[in-house]
Amino acid sequence: MSSNGRVAIVTGAASGIGRATALLLAEEGAAVMVADIDESGAQAVAAEIVAAGGRSESIAVDVSSVEGTERMAAATVDAFGGIDILHNNAVLQVCMSQRISTPWMSGTVSLLPIFGVSSSVRVL
Ligand SMILES: NC(=O)c1ccc[n+]([C@@H]2O[C@H](COP(=O)([O-])OP(=O)(O)OC[C@H]3O[C@@H](n4cnc5c(N)ncnc54)[C@H](O)[C@@H]3O)[C@@H](O)[C@H]2O)c1
């Protein structure tokens, strides 16, 4: 499947695997929302994509926050008109280090990936 013309969100995209994924998707022609808790790092990656001729914006978000992931999804729709790809790269790191407790669920961190994805998908 080609990423050309699609809209992608990559979380944890300020560095490492997320950054590499964001750059690759942009190179393939996707518009990329670079999302990370590290605001300046995310801005730098989005700027790198734009400087290379791609379409990108950045957003500071903590993926363990429902409000944050909803804001991330809404900002992506506002910027690029939709969401086709969600690479929830930051989630695994969070789920290995945090325990969650919300009005909807409380328990082991292994549920967090579903949590992050569903917050974004709701906006589609
Ligand atoms: N590198 C590996 O060998 C490896 C192996 C297995 C799994 N992983 C997982 O893949 C993911 C990426 O790994 P990496 O090596 O690129 O890590 P990394 O530390 O280089 O990058 C992680 C990024 O996620 C961001 N981040 C951290 N917490 C966040 C949060 N709550 N909300 C939003 N962004 C947040 C960080 O600011 C950072 O930019 C991680 O989840 C990691 O656990 C990595």
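Model, not experiment: these values are computed from the prediction. (Residues numbered from 1 in each chain as written. Predicted model: local features only at pLDDT ≥ 70, side-chain atom pairs only at ≥ 80, totals over all residues.)

J.: Any chance you could explain the overall build of the protein chain here in plain terms?
T.: For the protein chain, the count of helices and strands is 5 helices and 6 strands. Tracing the protein chain from N to C terminus, the helices and strands come up as β-α-β-α-β-α-β-α-β-β-α. Going through the 124 residues of the protein chain one by one, you find that 39% of them count as buried. (Helix = DSSP H or I, 4+ residues; strand = E, 2+ residues; numbered from the N terminus. Buried ≥ 20, exposed ≤ 12 C-beta atoms within 10 Å, placed from the backbone.)

J.: For this particular structure, what's the right way to read the environment of E57?
T.: You can see E57 is positioned in strand β3 (residues 56-60). On a C-alpha basis, the gap between E57 and A79 in space is 7.8 Å, while along the polypeptide they are 22 residues apart. Contact partners of E57, with chain neighbours within four places excluded, come to M33, A46 and A79. (Contact = placed C-beta atoms within 7 Å.)

J.: Even after reading the chapter, I still don't get the pairing of β3, so can you show me in this structure?
T.: Every other side chain in a regular strand lies on the same face of the sheet, so the side chains alternate between the two faces. The pairing of strand β2 (residues 31-36) with β3 spans 5 bridges and is classified as parallel. Paired with D36 across the bridge in β3 is A60. Traced from β2 through helix α2 (residues 39-51) to β3, the parallel crossover comes out right-handed. (Pairing = 2+ DSSP bridges. Right-handed = clockwise from strand over helix to strand, strands pointing away.)

J.: Sorry, what's going on with the nonpolar core here?
T.: Grouped burial of nonpolar side chains is what soluble globular proteins tend to show. Formed by 29 residues in total, the largest nonpolar core has its most connected members in V10, A22, V32, V34 and A35. Elements with a contribution of two residues or more to this core: β1 (7-11), α1 (16-27), β2, α2 and α3 (66-80). For this core, the element with the highest residue contribution is β2, accounting for 5 residues. What A22 contacts, discounting residues up to four positions off in sequence, is V10, A13, V32, V34, V45 and I49. (Core = buried A, V, L, I, M, F, W, Y, C linked by C-beta atoms within 7 Å.)

J.: Would you explain α2 in this entry?
T.: Owing to its 3.6 residues per turn, the α-helix brings residues three or four apart onto one side. Counted at 1.5 Å a residue, the expected span for α2 with its 13 residues is 18 Å, and the 18 Å between its end C-alpha atoms agrees. Listing the buried residues of α2 in full gives A42, V45, A46 and I49. The arc enclosing the buried residues of α2, seen along the axis, measures out at 95°, which places them on a common side. Across α2 from its buried face, at more than 90 degrees, point the exposed residues S40 and A51. On its buried face, α2 is in contact with α1, β2 and β3. Positive backbone phi, approximately 100°, marks G53, located one or two places after α2. (Expected span 1.5 Å × (residues − 1). Arc of directions from axis to C-beta.)

J.: Explain the sheet that holds β2 to me, please; I cannot follow it from the model alone.
T.: Hydrogen bonds between backbone atoms are what pair the strands of a sheet, whose relative direction is either parallel or antiparallel. Reading across the sheet, the 4 strands line up as β3-β2-β1-β4 and stay open at both edges, with parallel pairing between neighbours. Either end of the sheet is taken by a strand with one partner, and the two such strands are β3 and β4 (85-87). Strand after strand, the sheet turns through a mean of 15° between neighbouring axes, direction not considered. Where β1 lies against β4, 3 bridges are found, and the strand directions are parallel. Within β4, the residue paired with V10 across the bridge is H87. Strand contacts of α2: β2 and β3, with the helix running at about 175° to β3, the strand carrying the most contacts. Strands in contact with α3 are β1, β2 and β3; relative to β2, the strand with the most contacts, it is inclined by about 155°. (Axes fitted to C-alpha atoms, helices over the stretch in contact; angles between N-to-C directions.)

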